[in-house]
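# Overview (structure and organization)
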Amino acid sequence: MINKKSLIILLGILAISLISAVPSPHAFYGTISGSGTITAKMDGISVGSGSIVNGNYDLIVETESGGTIYFYLNGNTLLGTYEFEPFGITELNFGTVAPSKSPTSGSSS
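Now for a quick tour of the structure. (Residues numbered from 1 in each chain as written. Predicted model: local features only at pLDDT ≥ 70, side-chain atom pairs only at ≥ 80, totals over all residues. Heavy atoms only, no water.)

### Points about unusual backbone geometry
Where the residue is not glycine, phi is negative for most of them; where a peptide bond is considered, it is trans in most cases. Definition in use: Secondary structure elements are defined from DSSP: runs of H or I of at least 4 residues count as helices, runs of E of at least 2 residues count as strands, and each element is numbered from the N terminus. Relative accessibility under 20% of the residue-type maximum defines a buried residue, over 50% an exposed one, and the middle range a partly exposed one, all with a 1.4 Å probe and only protein chains included.
At aspartate 43, a residue that is not glycine, the phi angle is positive and equals roughly 55°. By the element assignment, aspartate 43 lies in the loop between β2 (36–42) and β3 (45–52). Its identity is not glycine, yet asparagine 74 carries a phi of approximately 55°, on the positive side. Of note, asparagine 74 is situated in the loop between β5 (68–73) and β6 (77–83). For asparagine 74, a relative accessible area of 43% puts it in the partly exposed group.

Written as structure tokens, this is what we have:
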């Protein structure tokens, strides 16, 4: 037979393990000189994305573990990185984004 103290400890351990297995969110918002979609990736896997509207974006990243978040414009242009903060809300502004392809040759200087 389990006594009350052991039962309380067991329930506490169970509650902590259930809470730690739930993904935590980190919200981002800000401005960007670009159009399309901003995507967040961790370990090469998309963990959030949002549309860019009138130079503003917002997105929520969810993960069970911490790490570095990589932000991309339209899936191919790296904008920058940020360390994941559980339940964080971060303003992250991205300046002018260079084109992902170089201009065609033949222009004179």
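### Details of the nonpolar core
Buried together is how nonpolar side chains tend to be arranged in soluble globular proteins. The condition is simple: The definition of a nonpolar core used throughout is a set of buried Ala, Val, Leu, Ile, Met, Phe, Trp, Tyr and Cys residues joined through side-chain atoms within 4.5 Å. When checking whether two residues touch, look at their non-hydrogen atoms; a contact exists if any pair is within 4.5 Å.
Counting 17 residues, the largest nonpolar core has Phe28, Tyr57, Leu59, Val61, Ile69, Phe71 and Phe94 as its most contacted members. Broken down by secondary-structure element, the contributors of at least two residues to this core are β1 (24–33), β2, β3, β4 (56–63) and β5. When near neighbours in sequence (up to four residues on either side) are disregarded, leucine 59 contacts His26, Ala27, Phe28, Ile38, Ala40, Ser49, Gly50 and Phe71.

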